[in-house]
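# Notes for the structure review
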Amino acid sequence: MSDDYARALELARRKVAGAGLDVTVHGEEISTYALAAERVWRLREEWQALGQPVMTTGYRGAHVVHPLIDAIRSAERHLIACDAALTRRRVSRTAPVAPDRRAVLRPVKGVAS
């Protein structure tokens, strides 16, 4: 486990606990968030190591936006979605349903049961 991943895991656990949710129930969301955060940090480190390029030369010689910028943008969007899923409250499938929300099945006239 990388240091970035461990740091992101701890951050995700604190976010879940801070939202008043059970950390043990949200294990999948926590690990997904941690992987997404690690990916953003690594892409940014790589981009900074290259001198933060904005433009590069494409395969036909045209100036194009550096591919790491698009990769960072995409990874950040994914991280935002993971962050939203991280603090979303889960509804238990076994939770009781309020009486006014239960489906009432009635026989249909003319249909044999």
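Residues numbered from 1 in each chain as written. Predicted model: local features only at pLDDT ≥ 70, side-chain atom pairs only at ≥ 80, totals over all residues. Heavy atoms only, no water.

With that settled, the discussion passes to the pattern of salt bridges. Taken as a whole and assessed by the stated rule, the structure comprises six salt bridges. Salt-bridge contacts for Glu 10 lead to Arg 14; the nearest nitrogen and oxygen are separated by 3.6 Å. Taken together, the residues Glu 10 and Arg 14, both in helix H1 (residues 3–18) and four residues apart, mark about one turn of the helix. Here Glu 38 ties to Arg 42 by a salt bridge, and the two come within 3.2 Å at their closest N and O atoms. With Glu 38 and Arg 42 both in helix H2 (residues 27–49) and four residues apart, the pair spans about one turn of that helix. For Glu 38, a relative accessible area of 11% gives the class buried. (Salt bridge = Lys/Arg side-chain N within 4 Å of Asp/Glu carboxyl O. Helix = DSSP H or I, 4+ residues; strand = E, 2+ residues; numbered from the N terminus. Buried < 20%, exposed > 50% of the residue type's maximum accessible area, 1.4 Å probe, protein only.)

Let's shift gears to the nonpolar core. It is characteristic of soluble globular proteins that their nonpolar side chains tend to be buried jointly. Ranked by internal contacts, the top residues of the largest apolar core, which has 21 residues, are Ile 30, Tyr 33, Leu 79 and Leu 86. Counting residues per element, the ones that place at least two in this core are H1, H2 and helix H3 (67–86). In terms of residues, this core owes the most to one element, H2, which gives eight residues. If near-sequence neighbours (up to four positions away) are discounted, Leu 79 is found in contact with Tyr 33, Ala 36, Ala 37 and Val 40. (Core = buried A, V, L, I, M, F, W, Y, C linked by side-chain atoms within 4.5 Å. Contact = heavy atoms within 4.5 Å.)

Glancing now at unusual backbone geometry. The phi dihedral of Gln 52 is positive, around 55 degrees, even though this residue is not glycine. Within the secondary structure, Gln 52 is located in the loop between H2 and strand E1 (55–57). You can call Gln 52 partly exposed: its relative accessible area is 41%.

Moving on, we come to H2. The end-to-end C-alpha distance of H2, which contains 23 residues, comes to 33 Å, matching closely the 33 Å that a straight helix rising 1.5 Å per residue would cover. Buried residues belonging to H2 abut H1 and H3. In the stretch just after H2, Gly 51 is the one whose phi turns positive, near 90 degrees. (Expected span 1.5 Å × (residues − 1).)

What follows concerns H3. With 20 residues, H3 should reach 28 Å at 1.5 Å per residue; the first-to-last C-alpha distance of 28 Å fits that figure. Against the buried residues of H3 lie H1, H2 and strand E2 (63–65).

If you trace the backbone, Asp 4 turns up in helix H1. Look at Asp 4 and you get buried, because its relative accessible area is 15%. Sequence-distant contacts of Asp 4, that is, excluding residues within four places in its chain, are made with Glu 38, Trp 41, Arg 42 and Glu 45.

What follows deals with the packing of H1 against H2. The angle between the axes and the distance between the axes are what describe a pair of packed helices. Running from N to C, H1 and H2 cross one another at 135 degrees; their axes reach a closest spacing of 8 Å. Between H1 and H2, the angle is such that the two are oblique. Read as a crossing pair, H1 and H2 show a hand that is right-handed. Only Ile 30, Ser 31, Tyr 33, Ala 34, Leu 35, Ala 37, Glu 38, Trp 41, Arg 42 and Glu 45 of H2 make contact with H1, whose side of the interface consists of Asp 4, Tyr 5, Arg 7, Ala 8, Leu 9, Leu 11, Ala 12, Arg 13, Lys 15 and Val 16. In terms of residue class, the contact of H1 with H2 is made up of 12 nonpolar, one polar and seven charged. (Axes fitted to C-alpha atoms, helices over the stretch in contact; angles between N-to-C directions. Parallel < 35°, antiparallel > 145°, perpendicular 65-115°, else oblique. Left-handed = near helix turned anticlockwise from the far one by under 90°. Nonpolar A, V, L, I, M, F, W, Y, C, P; charged D, E, K, R; others polar.)

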